[in-house]
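# Structural description and commentary
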Number of protein chains: 2
Amino acid sequence: MKRNITIKDIAELANVSPSTVSRGLNDSPLVAEETRARIQKLALEHGFSFNTSARSLITRKTGIIGLIYPEHFNEYQHSFYLTLLMNKIRDELEEHEYDLVVKFRTNKTGTVNHIRQLVNGKKVDGLILVHSKIEQTDLDFLHENGVPFVLLQARQHYVNINRENWVFVDHKKGGYIATNHLIGLGHSSILCLMLDSPQYQFAERTEGYNQALRDNNIEPDEEKIVICDGTFECSYNLVMQQQELISRVSAIFAQTDIMALGAIEALQGLGLSVPEDIAVVSYDDIEFGKHFRPKLSTIHQPRDQLAVLGCERLLGMLSSDSTIPPMQRLIEPYLIVRESCGAER
Amino acid sequence: MKRNITIKDIAELANVSPSTVSRGLNDSPLVAEETRARIQKLALEHGFSFNTSARSLITRKTGIIGLIYPEHFNEYQHSFYLTLLMNKIRDELEEHEYDLVVKFRTNKTGTVNHIRQLVNGKKVDGLILVHSKIEQTDLDFLHENGVPFVLLQARQHYVNINRENWVFVDHKKGGYIATNHLIGLGHSSILCLMLDSPQYQFAERTEGYNQALRDNNIEPDEEKIVICDGTFECSYNLVMQQQELISRVSAIFAQTDIMALGAIEALQGLGLSVPEDIAVVSYDDIEFGKHFRPKLSTIHQPRDQLAVLGCERLLGMLSSDSTIPPMQRLIEPYLIVRESCGAER
DNA sequence: TCTCCTAATACAAAGGTTTGCATAATACCG
DNA sequence: CGGTATTATGCAAACCTTTGTATTAGGAGA
């Protein structure tokens, strides 16, 4: 591997000291305009770049942000949403010259704890914790080490978030809006296809569902909340197996788009048409929803807003060392009406 | 930010010199078993991790791999496939303790050249170039700097690949298999929905299409190759606008799954059913294909194999400094038969 | 002309690790 | 017991920047 050109080399070429070169390239006001120009020209000519490691070593900044998400989101059915969020985050960070390194967090004992590894190894300047499937002890650890971080997407009920920076989606509101939409269209017997997962956000969606029912004087019915693992197949099978139950409802609130797709596929297989025979509303607004037939009416999660706000705050924390009061934002999701709920009946 | 615990601290605690600690933690045979045990115990107790920057500075290894893809693959219609490939690559690298940093490469003048930036700044140990939308000069630059890299997915026709390491998909073969499948089902008038892009791979798919026709004594018809930008919408609109042309074919070869979905949507809108009235075969095998109605018959790109082989080779190059002859693999895609082509007619 | 100030630059230390070489300690052999 | 391997450890340099402090030169003011 070719030896790289260093500040020293440029210094020699420019007939100045390394420190002057450093200052020149970093636009320090301590260096004469003429000298700076000469240095920068030489640096450009010789394709000089700072050695990232050397620089990090002394500045204690790596220019890398770690993104941690819970391991079970590796599963196919979660990847659609996660990808959209991650891409947006990467774009945001890129604009501020930060790189993103992505890891998942498993709580299996005996496995590496990427959070501690990244922090102890001084690999990252800050962290973005998506879904915060994370132990309270990890958060404490981050505080002890003064590592800036933000929580994104949804809280974990067992985590104390009062002192943290976070941007969450108001999932209860989302569930409420979705259910309310169905009720507004004249449905009163609504099935809730609930995703069972350690993620509190799905319980929140169910809460919203129940609340909407109650607010419209419909008695929630435990039986109509059906648990599913979130896959297309599970959702499909559930509908297929629960035909009696299905016959007693006129609408379904599926907690993710994927689940809606599975359910719709099953319903159609049973000879029911959506939305004519049964309406379906879902959650996430993944891109595919609008290409499906029927086009999905779904709750849009403002993922771009999550990314923008989260990154903004994280970058803010990175640039100012004074402690600023935490930013805690609950973002409201909104309904996108397409075809799967049909018209008022 | 809390001062981190360093090798020196451990050295003091263990009553040895820093160099011994370093050796101990790195499993050097130069250190006594008893000492090593003592050192490792202390390191563990105090949550010690190597400072990545300091380490990189001297070892000249960062443990980071850069993945570069062409800018226009940021567009929605390409994201599905790219994501699948990237995720698999990340997993592979993760297993070998490498991190992945993702950048796109634009050829716009005046913008940063991420390749040079990553290499000059000594930020990465190696590169994975997906689709190699990349200048020959960049490749030359990488060789000059002795940076290991692999090309993945598809070649760019203007790039000289003889001396490079690469794993490409045999796209001509893919186009051939797809078309041949249709012909085997009795179709002789087949539309080719071609994606127009700087990517040579799509031209290759068309070549395969033409070849299959010729091998079956069907005269290729220029008119039946329709150009599309790859979006769902474009594909949809094309079908809608070219009804006369559509009426003269009994099958469509869409060069991506997304294009197939758009086309099918349009066909169904026109009152044609797939596959009964018109058969559709496509390319990519994105996950959604099997949830669509009809389920897509499509060419599977062995992306996991690309990822595995590519990473394997890259890691190989990183660990041995002797130059090994380039690995050049053309992977055969294969057909997955589902519903969209129907039965023999 | 001398002093003092300012502006521009240089010097040197620091950051945490690795590693070639020197040294010390132990064991071996005759 | 002297000498030589052998094993374990320490020393110090190197990796490349950044940055606080010292130095120098030049100009202003008296």
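Let me sum up the structure you'll find in this document. Along each chain, numbering runs from 1 in the same order as the chain's sequence is written. Labels follow written order: the first chain is A, the first ligand is 1, and so on. In keeping with the model being predicted, local features are shown solely for residues with a pLDDT of at least 70 and side-chain atom pairs are shown and tallied solely at 80 or more, while totals for entire chains, interfaces and linings include all residues.

### A closer look at the interface of chain A and chain B
Which entries qualify depends on this criterion: Whether two residues are in contact is decided by their C-beta atoms, placed from the backbone, lying within 7 Å. For the purposes of this entry, the term helix denotes a DSSP run of H or I that reaches at least four residues, the term strand denotes a run of E that reaches at least two, and both are numbered from the N terminus. Ten residue types, Ala, Val, Leu, Ile, Met, Phe, Trp, Tyr, Cys and Pro, are classed as nonpolar, four, Asp, Glu, Lys and Arg, as charged, and the remainder, Gly among them, as polar.
Contact residues are listed per partner, giving 34 residues for chain A and 34 residues for chain B. Of all the secondary-structure elements, those providing two or more residues to the side of chain A that touches chain B are α4 (52-59), α5 (76-95), β2 (99-105), α6 (114-120) and α12 (257-269) of chain A. Per-element accounting of the side of chain A that touches chain B gives the leading share, five residues, to α4(A). Split into classes, the residues belonging to the side of chain A that touches chain B amount to 10 nonpolar, 15 polar and nine charged.

### What about the environment of E219(A)?
Residue and element names in this part refer to chain A. The cut-off we apply is this: Burial is judged by counting the other C-beta atoms within 10 Å of a residue's own C-beta: 20 or more makes it buried, 12 or fewer makes it exposed, and any count in between marks it as partly exposed, with every C-beta position built from the backbone.
Secondary-structure assignment places E219 in the loop between α9 (200-215) and β7 (225-228). When the 7 C-beta atoms within 10 Å are taken as the criterion, E219 is described as exposed. Separated by 99 residues in the primary sequence, E219 and L318 have C-alpha atoms spaced 49 Å apart.

### Points about the protein's contact with DNA strand D
The condition is simple: Nearness here has a simple definition: the residue's C-beta atom, placed using the backbone, must lie within 6 Å of the molecule or strand.
Near DNA strand D there are 26 residues, and of these I7(A), S19(A), S22(A), A54(A) and S19(B) occur at the shortest range. Of all the elements in the fold, those that place two or more residues in the surface near DNA strand D are α1 (7-14), α2 (18-25) and α4 of chain A together with α2 (18-25) and α4 (52-59) of chain B. Looking at the surface near DNA strand D, its residues break down into 12 nonpolar, 11 polar and three charged.

### What about the packing of helix α8 (residues 171-184) of chain A against α9(A)?
Residues and elements named next belong to chain A. As a reminder of what qualifies: Where helices are involved, their axes are fitted lines through C-alpha atoms of the stretch in contact, as for all axes, and angles between N-to-C directions lie from 0 to 180°. Oblique is the label for any angle not covered by the other classes, which are roughly parallel (under 35 degrees), roughly antiparallel (over 145) and roughly perpendicular (65 to 115). Each crossing is labelled by how the near helix is turned from the far one, with a counterclockwise turn of less than a right angle marking it left-handed and a clockwise turn marking it right-handed.
Following both chains from N to C, one finds α8 and α9 inclined at 40°, their axes separated by 6 Å at the closest point. With respect to their mutual orientation, α8 and α9 come out oblique. Relative to α9, α8 is oriented so that their crossing is right-handed. The segment α8 lies against α9, with H171, K172, K173, G174, G175, Y176, T179, N180 and I183 engaging Q201, E204, R205, T206, E207, G208, Y209, Q211, A212 and L213. Considered class by class, the residues forming the contact of α8 with α9 number five nonpolar, nine polar and five charged.

### Considerations on the relation of the copies chain A and chain B
Both copies of the chain are related through a single rotation about an axis accompanied by a shift along the same axis. Note the following rule: Copy-to-copy alignment: least squares on C-alpha atoms, limited to residues at pLDDT 70 or above in both.
Mapping chain A onto chain B calls for a rotation angle of 180° and an axial translation of 0.0 Å; the resulting RMSD is 0.1 Å. Put plainly, the chains are arranged around a two-fold axis. Within chain A, the C-alpha atom positioned nearest to the axis of rotation is that of S53(A), 2.3 Å from it. Most of the interface of chain A is mirrored in chain B, where 100% of its interface residues again form contacts.

### Here we look at the protein's contact with DNA strand C
Taken together, 28 residues are adjacent to DNA strand C, and V16(A), S19(A), T6(B), I7(B) and S19(B) come closest. Counting only elements with at least two residues in the surface near DNA strand C, the list comes to α2 and α4 of chain A together with α1 (7-14), α2 and α4 of chain B. The biggest single contributor to the surface near DNA strand C is α4(B), with five residues. Across the surface near DNA strand C, the residue classes tally to 14 nonpolar, 11 polar and three charged.

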